[in-house]
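# Architecture at a glance
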Amino acid sequence: MACAEIILSIIAKGVLDKIASLTFSEISMVRGVNKEMEKFKKTLSSIKAVLSDAEEQQVKNHTVQDWLEKLKDVVYDVDDVLDEISTEVLRQKVETHGSILKQVDNFFSHSNPVAFSFKISRKIKDIRERLDDIVLERRNFHFKEQVVDAQVQNKVREQSHSFMRESDVIGRDYDKDKIVELLLSSSDHESLSVIPIVGLGGLGKTTLVKLVYNDERIVRNFELRLWVCVSQEFDLKKLLEKIIKSGTGANCGYLELDQLQTCLRDNLNAKKFLIILDDVWNDDPTKWIELRNLLSDGANGSKIIVTTRSTVVASIMGTTQSYNLKGLSNDECLSILVKFAFKEGDAKRYPKLVDIGKAIVTKCGGIPLAVRTLGCLLYMKIEEREWLYIKDNEIWKLEQKENDILPALRLSYEQMPSYLKQCFVYCSIFPKDCEIGRVQLITLWMAQGFLLPNGSRQQLEDIGNQYFNELLSRSFFHEVNEKFDAEVLMCKMHNLVHDLAQLMASTEYLNVDFNSRLVSERVRHVSFIEYDLYEKEFPMPMLNAKKLRSFSFSYQVGPISKSFLYTLILHFRCLRVLDMGGAEFEELPSFIGKLKHLRYLNLSWNRSLKVLPNSICKLLNLRTLHLYGCEQLRELPRDIGKLISLRHLYLTSQSIGLPEKMFEGLTSLRYLWFQRCNRLVSLSEGIQHLTSIRRLRMEECHSLASLPSGIKHLTALEKFWITDCQELNLLEGEDMKGLKSLQSLAIVGLPKLVALPQGLQQSAATLQYLTIQNCQGLKTLPKWLEDLTSLRRLYIRNCPTLMCLPQGVHRLTALQQLSIRGCPQLSVRCERETGEDWPNISHILEIYLDSVKIK
Ligand SMILES: Nc1ncnc2c1ncn2[C@@H]1O[C@H](COP(=O)(O)OP(=O)(O)O)[C@@H](O)[C@H]1O
Ligand SMILES: [Mg+2]
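Residues numbered from 1 in each chain as written. Chains lettered and ligands numbered in written order. Predicted model: local features only at pLDDT ≥ 70, side-chain atom pairs only at ≥ 80, totals over all residues. Heavy atoms only, no water.

### As for the overall build of the protein
A tally of helices and strands in the protein yields 26 helices and 25 strands. The C-alpha atoms of the protein give 29 Å as radius of gyration, which agrees with the globular expectation for 855 residues (29 Å, within 12%). Based on the C-alpha atoms only, the size of the protein along its principal axes is roughly 80 × 70 × 60 Å. Relative to its 855 residues, the protein shows a buried fraction of 55%. Taking contacts inside the protein between residues at least 6 apart in sequence as the whole, the part at least 24 apart equals 66%. Here the protein displays about 36,900 Å² of accessible surface, and carbon together with sulfur accounts for 50% of that area. Distance from the positive charge centre (111 side chains) to the negative charge centre (107 side chains) of the protein: 4 Å. (Helix = DSSP H or I, 4+ residues; strand = E, 2+ residues; numbered from the N terminus. Rg over C-alpha atoms; globule rule 2.2 N^0.38 Å. Buried < 20%, exposed > 50% of the residue type's maximum accessible area, 1.4 Å probe, protein only. Contact = heavy atoms within 4.5 Å. Areas by Shrake-Rupley, 256 points an atom, 1.4 Å probe, with all protein chains shown as cover. Lys, Arg positive; Asp, Glu negative; His and termini not counted. Charge placed at Lys NZ, Arg CZ, Asp CG, Glu CD.)

Rendered as structure tokens:
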């Protein structure tokens, strides 16, 4: 199925589910709505059965295509109407709740039920007429009925591993040694040599260069190593930012070009460096020369490696001959396939499958990306028929076109269940090569209604996590690093995989710039790819896309003009996602409150924003609010507690306290993250109302002296990370009691901490990951640590006054990883064989002392 129809079938399913679950209050809101919706339901269900056939016919028949598009419009509109009704019910609920609390409340203005009912009835009538036409028109086509699969298969797919470990790289020893040799050979006459590595997409250039980059000989030989992912955009300023970031970790997006240049010079200054420019597309020599001149300040022997798909790029940039990377041999490909398709050692049990595998890899042209993706697709499949299906698939016969997506990727895509396809396609709104945060992505899917509950009481976040993991295990996401508690927080998509997402994204998705001509009203998701919007007007051609559901900026755009902002917010009333992360403006207009469908609002990194209008609290469907990095924000809106659907809140602010009764209302909260709330002295006791909260992070809240005792009611809390809160002193007895679901705890940078809070003992059955870092005041670890029998990882770093581990660590039988760094005394005691504590820890599977693996 092409994506348009997937979207249609899934949205239709969502709408049908919504109709089926209309509540009494919703039905009584608008007269006759029940009967109408039942009719919709009947019509939609019968149409759903012909979608698949319609999809096949539309290729040849444009009227069918048009019919499908009209149908989709109607389904979207039904969805909007249903959403309006449920929002109105929500509004009344909040209002009554407010009056129970005896607040005099004129907060919500237009609340005339008759007018509302009238408005909705008119919309429904219009929709019904359009749907009737569609049904009539359908008779012209003689579609065949088929059972469609919009059923969610919530069978959890077992994970294959998603990391590229060094040992996973197959057959590149020769190439690696050759390149290392090139890097180490120095010619005197040339101060800076540039070595291009050329090869097809997915061939393993990045992987190979990474091996080289981390090779010991290279690490020893170059004083400074920098890695920059260049990708399509070759903008000098952006590149300098990336280079400096790679060298120093500093974010310097706010610096001007000349400042960046100085900064770069200071950093490179006479050092012998190695810079990797990964995945370069630019073939404009002048742009390259500009950059090269800035990089010529290193010591003799400094080198640049460029990886590219293009020989033209290579010849422009290279000072040596290109290194042409070859495909892997069939045997090597087979090893990759086997590695990803079977559990370790299992392949021996299935010689027939391996035989079919041999035939499959010959079709992959030696390209590891193709092989790996197929391996992941075949993971845990042990029926011959399933392997033969891949081997003999028609897709291999498709002619490779110019925008050349590997057939293997295409095939893996086709094999995904439809709910996953639409989530995958949504990723096309991200720019190429950007890092995508897990939670960010999940909340975006959530906002679009892509997470389909399967009846059980699974939470939306869990469903999202499951989808994310599935995409990981299918190799559609890659290059991820995990946090200490084994969660993958960031992922990337390989360029070719991104191409695939874009190809499948159909007409609903669009990248818009100032040159875009009239944007179709059927476009629902827009990524805006311009920057420098300080003095710009909103592009008129985009206003045609009135039914837009997502708007996001591709880049950190910085200052945007008031008129741009106003038009954006005034014009698109169906928005579910408004992602203005990195856009700067001082004031959010109060009519933001009119975006009643809005579920995701990102205002992060707005360094100019000082106040938020209270009307933001009218966004009753809002599930995610990002105020992260809003350093100037003076306070939160007074009525923030009215956001009863809010599940994710990330905030930075200057306020000393939180609005009264904030937490009383935010009972849906799942993730809450305070970052750089420098002046915040206390979290209110009301926190006890957050009984659904699962993650809580406090970061750089320098005035916070203690945690409220209400914390003990957070029985659903799974992750609790506290970092760099200088004044915070966790009290031994009371704090952290009652956290019965706690799995992951990070205590980092609390200089006042003298002992771990005893309350933690109550998490003994659940706590699996514990990291304690930079706590200079911590003298001992408590004896009860040995009661944490579920503990899997224990990291202790930079706690120099810590002398020893408790005697009973040998009781921690679940402990798989112990890592100690920057604790000299402790390290000595844990030395292999000789250390005093060794007998107590020798049962642990992996042990690291100051980053060296000793077991
Ligand atoms: N030698 C190899 N052995 C196993 N897997 C590989 C190898 N080289 C690349 N891969 C896998 O193939 C995919 C594409 O590799 P990558 O280095 O990103 O390609 P390129 O940079 O050439 O586009 C990655 O998922 C990587 O894990
Ligand atoms: Mg690459």
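Having put the structure on the table, let's press on.
### Structural notes on the site of ligand 1
Residues in contact with ligand 1 amount to 18 residues; listed here are only the nearest, Gly202, Lys205, Thr206, Thr207 and His494. Interatomic distance of 3.3 Å between a backbone N/O atom of leucine 203 and an oxygen atom of ligand 1. Interatomic distance of 2.7 Å between a side-chain N/O atom of threonine 206 and an oxygen atom of ligand 1. Against a free-state accessible area of 560 Å², the protein chains account for coverage of 94% of ligand 1. Listing elements by their share of the shell around ligand 1, those giving two or more residues are helix H8 (205-214) and helix H16 (368-378). Looking at the shell around ligand 1 residue by residue, the classes come out as 8 nonpolar, 6 polar and 4 charged. Shared between two domains, the shell around ligand 1 holds at least three residues of each, these being domain 2 (172-324) and domain 3 (328-416). (Near = heavy atom within 4 Å. Polar contact = N/O pair within 3.5 Å; in protein donor to acceptor, adjacent residues only side chain to side chain. Nonpolar A, V, L, I, M, F, W, Y, C, P; charged D, E, K, R; others polar. Domains from an automatic or database assignment.)

### Overview of unusual backbone geometry
The backbone of histidine 142 sits at a positive phi, close to 50°, despite the residue not being glycine. Relative to the elements of secondary structure, histidine 142 occurs in the loop between helix H6 (113-138) and helix H7 (173-184). The backbone of glutamate 833 sits at a positive phi, close to 60°, despite the residue not being glycine. Along the chain, glutamate 833 falls in the loop between helix H25 (824-830) and helix H26 (838-841).

### Describing the pattern of salt bridges
Tallied over the entire structure, the rule returns 57 salt bridges. A salt bridge links arginine 91 to glutamate 95, with the shortest nitrogen-to-oxygen separation between them at 3.3 Å. Taken as a pair, arginine 91 and glutamate 95 lie in helix H5 (residues 62-100) at a separation of 4 residues, close to a single helical turn. For glutamate 95, a relative accessible area of 23% corresponds to the partly exposed category. A salt bridge links lysine 783 to glutamate 786, with the shortest nitrogen-to-oxygen separation between them at 3.1 Å. (Salt bridge = Lys/Arg side-chain N within 4 Å of Asp/Glu carboxyl O.)

### Topic: the UniProt feature "domain: R13L1/DRL21-like LRR repeat region" (unreviewed entry) in the protein
The sites that carry the UniProt feature "domain: R13L1/DRL21-like LRR repeat region" (unreviewed entry) are, in the present numbering, residues 764-823. Along residues 764-823 the backbone is 0% helical and 25% strand, and the end-to-end C-alpha distance reaches 25 Å. (UniProt positions renumbered as here; feature names shortened; annotations may be inferred.)

### A closer look at helix H19 (residues 418-426)
Within H19, 9 of the 9 residues are buried, which leaves it mostly tucked inside the rest of the structure. Those residues of H19 not exposed but buried are Ser418, Tyr419, Leu420, Lys421, Gln422, Cys423, Phe424, Val425 and Tyr426.

### Some remarks on the environment of phenylalanine 340
Here phenylalanine 340 shows up in helix H14 (residues 330-341). Separated by 34 residues in the primary sequence, phenylalanine 340 and leucine 374 have C-alpha atoms spaced 8.4 Å apart.

### Some points on the nonpolar core
Counting residues in hydrophobic clusters, the biggest one holds 113 residues, and the most contacted among them are Phe551, Leu578, Met580, Phe674 and Phe720. At 4 residues, helix H23 (residues 562-571) tops the list of elements feeding residues into this core. Setting aside chain neighbours within four positions, we find phenylalanine 674 in contact with Leu651, Leu658, Phe663, Leu680, Leu683, Leu696, Arg697, Met698, Glu699 and Cys701. Counting residues in each nonpolar core, the second largest holds 94 residues, with Ile170, Ile360, Leu451 and Leu471 among its members. (Core = buried A, V, L, I, M, F, W, Y, C linked by side-chain atoms within 4.5 Å.)

### Concerning the packing of aromatic side chains
Within the structure shown, the criterion is met by 27 aromatic pairs. Geometrically, the ring pair formed by tryptophan 445 and tyrosine 467 is tilted, given 6.4 Å between the ring centres and 50° between the ring planes. Here the residue tryptophan 445 occupies a position in helix H20 (residues 438-448), and tyrosine 467 occupies one in helix H21 (residues 460-473), the gap between them amounting to 22 residues. Note on phenylalanine 468 and phenylalanine 477: the rings are 5.2 Å apart at their centroids and 45° apart in plane angle, and the pair reads as tilted. On the basis of relative accessibility, which here comes to 0%, the residue phenylalanine 468 falls in the buried class. Aromatic rings pair up to connect Phe514, Phe528, Phe538, Phe551, Phe553, Phe564 and Phe572 into one cluster. Sitting above the plane of the tyrosine 555 ring, lysine 238 keeps its charged end 5.6 Å from the centroid. In this arrangement the basic side chain of arginine 697 is found over the ring face of tryptophan 673, its NZ or CZ atom lying 3.8 Å from the centre. (Phe/Tyr/Trp six-rings, centres within 6.5 Å; stacked < 30°, edge-to-face > 60°. Lys NZ or Arg CZ within 6 Å of the ring centre and 35° of its normal.)

### Section: the pairing of strand E15 (residues 624-627)
Residues Thr624 and His626 line one face of E15 and the alternating positions Leu625 and Leu627 line the opposite face, and both faces are buried. Bridging between strand E14 (residues 600-602) and E15 involves 3 bridges; their strand directions are parallel. Bridge assignment links tyrosine 600 to a residue of E15, and that residue is threonine 624. (Pairing = 2+ DSSP bridges.)

### Things to note about the state of the cysteines
Think of a disulfide as a covalent bridge from one cysteine sulfur atom to another cysteine sulfur atom. Inspection of every chain in the model, using the stated rule, returns 0 disulfides. Distance from the sulfur of cysteine 423, which forms no disulfide, to the nearest cysteine sulfur (cysteine 427) is 7.8 Å. For cysteine 423, a relative accessible area of 0% translates into the label buried. Cysteine 630 supplies the cysteine sulfur nearest to cysteine 617, a cysteine that is in no disulfide, at a spacing of 15 Å. Among the residues examined, cysteine 617 registers a relative accessible area of 0% and is labelled buried. (Disulfide = S-S within 2.5 Å.)

### A few points about the sheet that holds strand E3 (residues 273-280)
Across the sheet, which stays open at both edges, the 5 strands sit in the order E2-E3-E4-E1-E5 with parallel pairing between neighbours. Looking at which strands have only one partner, the edges of the open sheet turn out to be strand E2 (224-231) and strand E5 (323-324). As paired strands, strand E1 (residues 192-198) and E5 are joined by 2 bridges and run parallel to one another. Residue valine 198 lies in a different strand from E5, and its bridge partner there is asparagine 324. Across the sheet, H8 is in contact with E1, E2, E3 and strand E4 (302-308); its angle to E2 comes to roughly 170°. (Axes fitted to C-alpha atoms, helices over the stretch in contact; angles between N-to-C directions.)

### Brief notes about the packing of H20 against H21
At a minimum axis distance of 9 Å, the contact between H20 and H21 shows a crossing angle of 115°. Where H20 crosses over H21, the handedness of that crossing is right-handed. Mapping the contact onto sequence places Arg438, Leu441, Ile442, Trp445 and Met446 in H20 and Leu460, Glu461, Gly464, Asn465, Tyr467, Phe468, Asn469, Leu471 and Leu472 in H21. Looking at the contact of H20 with H21 residue by residue, the class counts come to 9 nonpolar, 3 polar and 2 charged. (Left-handed = near helix turned anticlockwise from the far one by under 90°.)

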